[in-house]
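Now for the letters of each chain:
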Amino acid sequence: DSPLVPLFIWPVIGAAFRLGLPEALAAATLGSLACIYYDLFTPEGVDLARTDQALLSAIYLFVGAILIHILFNQAYGAAEHGLASERQAAREATAKLTAVRAQSQAIAEVSTILSSTLNYQRVLETILSEFHKLLGFQVGIVFLFEAGNNTLRVPISDGVTLAGQTGEARGG
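A. Representation of the pairing of strand S3 (residues 140–146) in the model. Where S3 and strand S4 (residues 151–158) come together, six bridges link them in antiparallel fashion. Residue Val 142 lies in a different strand from S4, and its bridge partner there is Ile 156. Here S3 hands over to S4 after four residues, with Asn 150 in that stretch at a positive phi of 50°.

B. Inspection of the nonpolar core at higher detail. Counting residues in hydrophobic clusters, the biggest one holds twelve residues: Ile 9, Val 12, Ile 13, Ala 15, Ala 16, Ala 24, Ala 27, Ala 28, Cys 35, Leu 61, Ala 65 and Ile 68. If you list the elements that add at least two residues to this core, you get helix H1 (4–18), helix H2 (21–40) and helix H3 (51–116). Residue contributions to this core peak at five residues, all from H1.

C. View of the packing of H2 against H3. Following both chains from N to C, one finds H2 and H3 inclined at 165°, their axes separated by 8 Å at the closest point. Comparing their axes, H3 and H2 come out roughly antiparallel. Of the two possible hands of crossing, H2 and H3 adopt the one that is right-handed. Facing H2, whose interface residues are Leu 21, Ala 24, Leu 25, Ala 28, Thr 29, Gly 31, Ser 32, Cys 35, Ile 36, Asp 39 and Leu 40, H3 presents Thr 51, Gln 53, Ala 54, Ser 57, Ala 58, Leu 61, Phe 62, Ala 65, Ile 66 and His 69. Of the residues contributing to the contact of H2 with H3, the split by class is 13 nonpolar, seven polar and one charged.

D. Geometry of the packing of H3 against helix H4 (residues 120–135). One way to put it is that H3 packs onto H4 with a least axis distance of 9 Å and a crossing angle of 175°. As far as their axial angle goes, H4 and H3 are roughly antiparallel. Contacts from Ala 102, Gln 103, Ala 106, Glu 109, Val 110, Ile 113 and Leu 114 in H3 reach Arg 122, Val 123, Thr 126, Ile 127, Glu 130 and Leu 134 in H4. Taken together, the residues of the contact of H3 with H4 sort by class into eight nonpolar, two polar and three charged.

E. Layout of the pattern of salt bridges. If you walk through the whole model with that rule in mind, you get one salt bridge. A salt bridge links Arg 153 to Glu 146; the shortest N-O distance between them is 2.6 Å.

F. Here's a closer look at the environment of Arg 18. If you trace the backbone, Arg 18 turns up in helix H1. Residue classification places Arg 18 among the exposed positions, given a relative accessible area of 74%. Note: C-alpha distance between Arg 18 and Leu 114 (96 residues apart in sequence) is 63 Å.

Reading guide: rules and limits
Residues numbered from 1 in each chain as written. Predicted model: local features only at pLDDT ≥ 70, side-chain atom pairs only at ≥ 80, totals over all residues. Heavy atoms only, no water. Pairing = 2+ DSSP bridges. Helix = DSSP H or I, 4+ residues; strand = E, 2+ residues; numbered from the N terminus. Core = buried A, V, L, I, M, F, W, Y, C linked by side-chain atoms within 4.5 Å. Buried < 20%, exposed > 50% of the residue type's maximum accessible area, 1.4 Å probe, protein only. Axes fitted to C-alpha atoms, helices over the stretch in contact; angles between N-to-C directions. Parallel < 35°, antiparallel > 145°, perpendicular 65-115°, else oblique. Left-handed = near helix turned anticlockwise from the far one by under 90°. Contact = heavy atoms within 4.5 Å. Nonpolar A, V, L, I, M, F, W, Y, C, P; charged D, E, K, R; others polar. Salt bridge = Lys/Arg side-chain N within 4 Å of Asp/Glu carboxyl O.

In structure tokens:
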């Protein structure tokens, strides 16, 4: 019945939302003290018959602070969890797009070399170089099958020197 409870519930709600439980309880304490003072002290003196009303006003403010804080934290925690999931999905999508972009650039580079030269050595060098960029390997070897004598030949390698290799090995 205290007219001060609606007045003091707003600072309690604001503190519970914006600041935290200790601040909300501090606001509830100040509001409770004001309500108790208003309910118990009259111009004629202290009215102990209104003690129940004063305590009930204080309880409303404290319970309101705690409930609002708990409900807000649950809603905020669920929203924060949802945002974290969305951020992770965005990072994964960005990583996939970056990989696809790198693959597209490698294909474009190989296509450019294929259409601009007939020198198979240069084409193989470009392919090996692009595979290194895409896959991040330290060593690369290209094998060519020679059908006439059923052998594999290594016309190009990167990061390794092979005994009996035909062609030049690139350092790297």
